[in-house]
Amino acid sequence: MEENQLTVRNIETYYGPIVAIRGVSLEIPRESIVTVLGANGAGKTTVLKTISGAMAPQKGSVHFQGEEITGREPDKVARMGIGHVPEGREIFPFLTTEENLMMGAFSRRGLSVGSDLELIYAYFPPLWENRKLTAGYLSGGQQQMLAIGRALMLAPKLMLLDEPSLGLAPKLVGEIAEIIKTINDEQGVTVLLVEQNAKMALELADYGYIMENGRVVMEDTCERLSQATDVQEFYLGMKDKGVRGQRRWKQRKTWR
């Protein structure tokens with residue numbers, strides 16, 4: 001059996017003439033949580049879109065469970081077991097909460113859909129309470145729960161989560177992180193997590209990649225990344241108190 005659930009090799013993806021990501025390679029082991037960190041514009045979202053088929057790479061390859069899926073249509077990628085929770089949630093605002101969830105099971109047949117719906121409501125009680133409510137009236141946190149729940153209704157083997165903490169209050173960020181961990185532990189779902197909230201991501205994930213300007217500049221276990229000086233300074237907001245009088249704008253990242 002292939003050890004990695006997902007293997008990305010040297011992908012390059014363009015927006016017209018502009019290179020969005022260049023030579024990006026990732027390895028996502030089965031049943032792990034892997035995070036990709038970086039500032040706005042680093043190329044994180046483009047990586048997820050390339051994996052899920054929303055964008056086609058000009059170079060490189062994507063393999064899922066040992067099978068190449070490079071450039072396949074998004075619906076075919078989803079049917080293989082890759083659930084994509086996009087940045088901004090992108091729920092169906094004029095459908096009810098439950099109708100949104102059932103849209104996640106569009107490719108499935110059988111009685112297990114009902115039991116999975118019950119499982120989603122157990123994970124996210126506010127969705128049960130608002131199951132008949134038009135989804136556009138849900139709070140931001142509830143909409144994020146809905147987006148994750150909709151992806152879970154696909155019965156995925158791999159979930160791509162794009163900025164799930166974006167715009168949420170700290171308490172809700174913690175709740176979403178706990179749910180992601182529970183999904184990974186209880187359902188064995190592999191998670192590729194894109195985040196700007198480095199603290200949350202490094203505490204949650206097993207392994208991490210850091211992107212800047214469309215390329216991977218650093219990778220390691222999250223424990224080691226959280227101890228790296230550059231990560232502490234530029235992503236966790238921690239300063240070296242032993243360096244006195246050093247001007248921040250004169251500092252340079254060691255990976256440059």
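Here the residue numbering is sequential within each chain, running from 1 through the sequence in written order. In view of the model being predicted, local features appear only for residues whose pLDDT reaches at least 70, and side-chain atom pairs are presented and counted only at 80 or more, with totals across whole chains, interfaces and linings using the full set of residues. Hydrogens and water molecules were not included; the side-chain quantities draw on all heavy atoms of the structure.

K.L.:
For this particular structure, what's the right way to read the sheet that holds strand β9 (residues 207-212)?
P.N.:
Strands in a sheet are paired, the pairing made by backbone hydrogen bonds, and the direction either parallel or antiparallel. If you walk across this open sheet you meet the six strands as β6-β7-β8-β3-β9-β10, and the pairing is mixed. Pairing within the sheet leaves two strands with one partner each, and these edge strands are β6 (82-85) and β10 (215-221). Put simply, the sheet's adjacent strands are angled 15° from each other on average, direction ignored. Pairing geometry for β9 and β10, over six bridges, is antiparallel. Following the sheet pairing, E212 is matched in β10 by R215. Should any heavy atoms of two residues lie within 4.5 Å, those residues are considered in contact. Each axis is a line fitted through C-alpha atoms, and for a helix only the stretch in contact is used; angles between axes span 0 to 180 degrees, taken between their N-to-C directions. For the purposes of this entry, the term helix denotes a DSSP run of H or I that reaches at least four residues, the term strand denotes a run of E that reaches at least two, and both are numbered from the N terminus. Along the sheet, helix α7 (residues 170-187) contacts β3 (33-37), β7 (158-162) and β8 (190-195); its crossing angle with β3, the most-contacted strand, is approximately 140°. Paired strands are those between which DSSP finds at least two bridges.

K.L.:
Even after reading the chapter, I still don't get helix α4 (residues 112-123), so can you show me in this structure?
P.N.:
In an α-helix, one full turn covers 3.6 residues, which means residues spaced three or four apart are oriented alike. Under the convention used throughout, the expected extent of a helix is 1.5 Å for every residue step, that is, one less than its residue count. Taking 1.5 Å per residue as the helical rise, α4 with its twelve residues ought to reach 16 Å, and the 16 Å between its terminal C-alpha atoms agrees with that figure. Residues of α4 that are buried: V113, D116, L117, I120, Y121 and Y123. Buried residues of α4, viewed axially, fall in a sector of 160°; they line one side. Looking at α4, the residues exposed on the side facing more than 90 degrees away from the buried face are E118 and A122. If you follow the buried residues of α4, they end up packed against α3 (97-103), α5 (125-129), α6 (140-152) and α7. Only protein chains enter the accessibility calculation, which uses a 1.4 Å probe; a residue whose area is less than 20% of its type maximum is buried, one above 50% is exposed, and one in between is partly exposed. The arc in question is the one spanned by the directions pointing from the helix axis to the C-beta atoms.

K.L.:
So what exactly am I meant to see when it comes to the confidence of the model for the chain here?
P.N.:
Where the model shows low pLDDT, its predicted coordinates should not be examined in detail. Within the chain, residue pLDDT values average 89, and 91% of them lie at 70 or more. Residue-level confidence of the predictor is what pLDDT reports, using numbers from 0 through 100. Below a pLDDT of 50 lies the segment residues 241-250, which in the model reaches four contacts outside its immediate sequence neighbourhood of four places, other chains included.

K.L.:
Before we go on, may I ask you to explain the nonpolar core in this structure?
P.N.:
As a rule of thumb, soluble globular proteins bury nonpolar side chains together. Working definition of a nonpolar core: buried Ala, Val, Leu, Ile, Met, Phe, Trp, Tyr and Cys residues. They are joined through side-chain atoms within 4.5 Å. By size, the foremost hydrophobic cluster in this structure holds 47 residues, and its most contacted members are F124, I148, M159, L161 and I183. Breaking this core down by element, the ones donating at least two residues are β3, α4, α6, β7, α7, β8, α8 (198-204) and α9 (222-227). Filtering out sequence-adjacent residues up to four positions away, M159 remains in contact with G83, V85, I148, A151, L152, I183, V189, T190, V191 and L192. By size, the runner-up hydrophobic cluster in this structure holds 25 residues, among which are V77, M80, L192 and M211.

K.L.:
Help me understand the packing of aromatic side chains, please; the structure alone is not making it clear to me.
P.N.:
Two rings from Phe, Tyr or Trp (for Trp, the six-membered ring) form a pair when their centres are within 6.5 Å of each other. A pair whose planes differ by under 30 degrees is stacked, one over 60 is edge-to-face, and the rest are tilted. Per the stated rule, a full pass over the model turns up two aromatic pairs. Here, a charge over a ring is recorded when the distance from Lys NZ or Arg CZ to the ring centre is within 6 Å and its angle to the ring normal is within 35 degrees. The cationic tip of R131 hangs over the ring face of W128; the distance from NZ or CZ to the ring centre is 3.5 Å.

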